[in-house]
Amino acid sequence: MTAVSENAPYFLGIDGGGTGCRARIEDTEGMILGQGLSGPATTRLGIAEAWASISRAFDAAIEEAGLSADDIGRIHVGVGLAGIGRKGALDALKAIEHPFASIDFISDGEGACLGAHSGRDGAIVIAGTGSIGLGLVEGRQLRVGGYGFPISDEGSGAYLGLKAVQLALRAHDGREQKTALLAEIMQRFQNDPMGAVAWMDRASATDYAALAPMVLRHADQGDAVARRIVQNAAGHIDTLVRTLFEKGAPRVCLLGGLASPLEPWLSPDVRRRLKPIDGDAVSGAIILARRAICGSRTE
């Protein structure tokens with residue numbers, strides 16, 4: 001650990017998502033002092049539950065960093081949080097008492113965008129359970145898609161699973177070519193369409209997305225229907241990327257659990273224009289925290 005001034009600030013970045021929460025503390029030189037993890041942190045679970053998860057993550061990071069109670073008052077915090085756009089969520093979070101020098105909140109997507117481009121203008125397309133295009137350009141926020149499954153989130157894991165189930169039911173009826181993928185899908189439901197209907201009644205986007213690895217596996221093995229599903233999904237991701245460029249984004253990164261498996265299926269012009277990320281969503285939250293003392297953004 002490098003020596004720091006007695007009054008030097010610390011910067012704590014937190015990325016709170018639907019599957020987990022990560023926290024990281026850095027000093028003014030960017031050295032990592034401590035990290036922490038906890039469970040889901042999204043306002044969908046309620047403000048109290050989200051804050052409890054955030055607190056567990058930053059408590060673990062503070063403990064690992066070995067900071068004292070006096071040190072905590074010198075920590076500037078940035079939080080990227082899933083679901084922060086829900087009505088009243090931001091005001092409720094800002095009303096929570098905290099011991100830090102400052103705290104600021106943004107959406108988890110905006111945090112990922114800041115991290116991906118080191119705080120510079122740019123955009124991201126997230127392809128995971130859902131999909132969305134987000135950008136920050138000259139003070140403007142860009143958004144393309146991401147309105148929720150099943151009405152949106154094209155090209156996502158949930159989209160892949162939905163299309164596979166739809167086509168499996170058609171193949172069962174004789175309305176679609178029966179392939180290895182569609183046979184495996186129907187085996188999940190004991191080859192009973194009513195089993196698929198019963199599953200549908202309680203299935204979430206996550207449940208549909210759980211079928212995506214199967215679709216991708218069969219596509220890689222040459223299954224004609226699987227390839228068609230993946231090619232269509234990649235086409236939707238192509239459109240998100242191109243639309244962000246059309247809206248003025250100078251650079252775009254592809255993120256999310258499906259980024260790597262889908263990238264080979266993207267159009268050549270899109271693949272050429274994508275750039276690797278500079279940092280993760282926690283890095284973006286730390287950039288937000290640093291802005292508290294440089295005047296770009298305040299609590």
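Up top you'll find the structure we're talking about.
Here is what the cut-offs are and how they apply
Residues numbered from 1 in each chain as written. Predicted model: local features only at pLDDT ≥ 70, side-chain atom pairs only at ≥ 80, totals over all residues. Heavy atoms only, no water. Patch = residues over 30% accessible without salt bridge, like charges linked within 9 Å, V, L, I, M, F, W, Y side chains within 5 Å. Areas by Shrake-Rupley, 256 points an atom, 1.4 Å probe, with all protein chains shown as cover. Salt bridge = Lys/Arg side-chain N within 4 Å of Asp/Glu carboxyl O. Helix = DSSP H or I, 4+ residues; strand = E, 2+ residues; numbered from the N terminus. Pairing = 2+ DSSP bridges. Axes fitted to C-alpha atoms, helices over the stretch in contact; angles between N-to-C directions. Contact = heavy atoms within 4.5 Å. Buried < 20%, exposed > 50% of the residue type's maximum accessible area, 1.4 Å probe, protein only.

### Concerning a nonpolar patch on the surface
A cluster of nonpolar side chains, namely Met194, Val197 and Met200, defines an oily patch on the protein surface of about 280 Å² accessible area. If you trace the backbone, Val197 turns up in helix H7 (residues 193–202).

### Some remarks on the pairing of strand S3 (residues 32–38)
Regular strands have side chains that alternate between both faces of the sheet. Two strands pair when backbone bridges link them, and strand S2 (residues 21–26) and S3 are joined in this way by six bridges, in the antiparallel orientation. Looking at S3, one finds that Ile25 is bridged to Gly34. Connecting S2 to the antiparallel partner S3 that follows it, the hairpin turn spans five residues, and Gly30 within it adopts a positive phi of roughly 85°.

### A word on unusual backbone geometry
A cis geometry characterises the amide bond from Phe149 onward to Pro150, with omega recorded as 10°. Even without being a glycine, Asp153 presents a positive backbone phi close to 60°.

### Describing the sheet that holds S3
Taken together, five strands build an open sheet; the order of strands is S3-S2-S1-S4-S5 and the sheet is mixed. Each edge of the open sheet carries a strand with a single partner, namely S3 and strand S5 (102–107). Between one strand axis and the next, the sheet turns by 15° as a mean value, whatever way the strands run. Here six bridges tie strand S4 (residues 75–81) to S5, and the two strands are oriented parallel to one another. Paired with Gly80 across the strands is Ile106, a residue of S5. Taken strand by strand, helix H1 (residues 47–65) contacts strand S1 (10–16), S2, S3, S4 and S5, and its axis lies near 145° from that of S3. With respect to the sheet, helix H13 (residues 281–294) is in contact with S1, S2, S4 and S5, its orientation differing from that of S1 by roughly 140°.

### Things to note about the pattern of salt bridges
Oppositely charged side chains may form a pair once their charged atoms are brought near each other. All told, the structure shown has 13 salt bridges when counted by the stated rule. In this structure, the salt-bridge partner of Arg24 is Glu26, at a minimum N-O distance of 3.5 Å. The residues Arg24 and Glu26 share a single accessibility class, namely buried. Here Arg290 ties to Glu26 by a salt bridge, and the two come within 3.8 Å at their closest N and O atoms. In this pair, Arg290 sits in helix H13 while Glu26 sits in strand S2, placing the two residues 264 residues apart along the sequence. With a relative accessible area of 25%, Arg290 lands in the partly exposed category.

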